[in-house]
Amino acid sequence: MRELDFEGYAASRWPRLVRTAYLLTGDHHEAEDVVQATFAKAFRNWPRISRLQEPDAYVHRALVNNNLSRYRRRRVRQLLVPVLPDRAHTAGADHRDVEERSVLLQALAQLPQRQRAVVVLRYWEDMSEQQVAEILGCSPGNVKSQASRGLAKLRTHPALAPYAGGSGSTTDGTNGDDS
């Protein structure tokens, strides 16, 4: 396999990694910081990483690990301000979609970091249980149990109750069967 160019790799993966980091952190600026830190660490080892069969898996694992490290080091969980900042209005964005996304992000933020990482990678990034297990350095069974617990917490989260609809469907569009 030919060695990948780091600059091209980083430029092509940046949007997806920032989106994943945003789902893990809940904050766009922190997401960019986590991705930037991940790329800085990857750059140091790029000759080795670029020759891996799955460099994306390595970088995703580094991203999750950097986020977990950031979370552990963080001393202040929230910055309290007397006035909420203005939110940018995106032209063409449906108000309901923005509201639903906001509610989902609020519910995701309540999950423990490991469950949140599993739910984001498994259902938002559409990775297999095996891929998530490799990224997180755990067994596929652990991914299944973390996903099951995370989805159960999301199903019972009060902010998501209006979206449940009583159909028995989960946030990933399935009927809840893990088979």
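Residue indices begin from 1 for each chain and proceed along its sequence in written order. In keeping with the model being predicted, local features are shown solely for residues with a pLDDT of at least 70 and side-chain atom pairs are shown and tallied solely at 80 or more, while totals for entire chains, interfaces and linings include all residues. Just so you know, side-chain values use all the structure's heavy atoms and leave hydrogens and water out.

### Quick look at the packing of helix α1 (residues 6-25) against helix α2 (residues 28-44)
Applied cut-off: Convention adopted: a line fitted to C-alpha atoms gives each axis, helices being fitted over their contacting stretch, and angles between N-to-C directions are expressed from 0 to 180 degrees. Each helix is a run of DSSP H or I of at least 4 residues and each strand a run of E of at least 2, with the numbering of both proceeding from the N terminus. When describing relative orientation, an angle under 35 degrees is termed roughly parallel and one over 145 degrees roughly antiparallel, while 65 to 115 degrees is termed roughly perpendicular and anything else oblique. In this scheme the crossing of two helices becomes right-handed for a clockwise turn of the near helix relative to the far one and left-handed for an anticlockwise turn of less than a right angle. Two residues form a contact once any of their heavy atoms are found within 4.5 Å. Only Asp, Glu, Lys and Arg are considered charged in this grouping, and only Ala, Val, Leu, Ile, Met, Phe, Trp, Tyr, Cys and Pro are considered nonpolar; every other residue, Gly among them, is considered polar.
Viewed as axis vectors pointing N to C, α1 and α2 meet at an angle of 140°, and their least axial separation amounts to 8 Å. Considering the angle they form, α1 stands oblique to α2. The way α1 lies across α2 gives a crossing that is right-handed. Across the interface between the two elements, F6, Y9, A10, R13, W14, L17, V18, A21, Y22 and T25 from α1 touch H28, E30, A31, E32, V34, V35, Q36, F39, A42 and F43 from α2. Broken down by class, the residue content of the contact of α1 with α2 amounts to 14 nonpolar, 3 polar and 3 charged.

### Quick look at the side chain of R116
Heads up, the condition is: In this scheme, a residue with accessible area under 20% of its type's maximum is buried, one over 50% is exposed, and one in between is partly exposed, where area comes from a 1.4 Å probe on protein chains only. Charge counting follows a simple rule: Lys and Arg are positive, Asp and Glu are negative, and His as well as the terminal groups are ignored. In the sections that follow, a salt bridge refers to a side-chain nitrogen of Lys or Arg positioned within 4 Å of a carboxyl oxygen of Asp or Glu.
Within the secondary structure, R116 is located in helix α6 (residues 113-124). For the buried R116, no salt bridge exists, and the shortest N-O distance to an oppositely charged side chain is 8.6 Å, to E30. If sequence neighbours within four positions are ignored, R116 has contacts with Y22, L23, L24, T25, G26, L108, A109 and L111.

### Re the confidence of the model for the protein chain
Heads up, the rule is: Within a predicted model, pLDDT stands for the predictor's per-residue confidence, ranging from 0 to 100.
On average, residues of the protein chain score 80 in pLDDT, and 74% of them reach the 70 mark or higher. Contacts from residues 167-179, a stretch scored under 50 in pLDDT, to residues over four places away or in other chains number 12 contacts.

### Some remarks on unusual backbone geometry
Comment: phi is negative for the bulk of residues other than glycine, and the bulk of peptide bonds are trans. A positive phi angle, near 55°, is found at D126, a position not held by glycine. Along the polypeptide, D126 turns up in the loop between α6 and α7 (129-136). Classification of D126 by relative accessible area gives exposed; the value is 63%.

### Topic: the pattern of salt bridges
This structure, assessed with the given rule, holds 5 salt bridges. One salt bridge connects E125 with R16, and the closest N-O pair in it is separated by 2.5 Å. Here E125 is found in the loop between α6 and α7, whereas its partner R16 is found in helix α1, with 109 residues between them in sequence. Exposure remark for E125: the relative accessible area of 5% places this residue in the buried category. Note on R16: relative accessible area 38%, which makes it partly exposed. A single salt-bridge network, built from bridges that share partners, covers R16, R19 and E125.

### So, the packing of aromatic side chains
The condition that has to hold: Only Phe, Tyr and Trp rings take part, Trp by its six-membered ring, and two of them pair if their centres are within 6.5 Å. Stacked means planes under 30 degrees apart, edge-to-face means over 60, and tilted covers everything else.
One pass over the structure, following the stated rule, counts 5 aromatic pairs. Taking the centre distance of 5.1 Å and the plane angle of 65° together, the rings of F6 and F43 count as edge-to-face. Highlighted residues: F6 in helix α1 and F43 in helix α2, separated in sequence by 37 residues. The buried category is assigned to F6, whose relative accessible area is 16%. Ring-pair connections join several aromatic residues into one group, and the members of that group are F6, Y9, W14, F39, F43 and W46.

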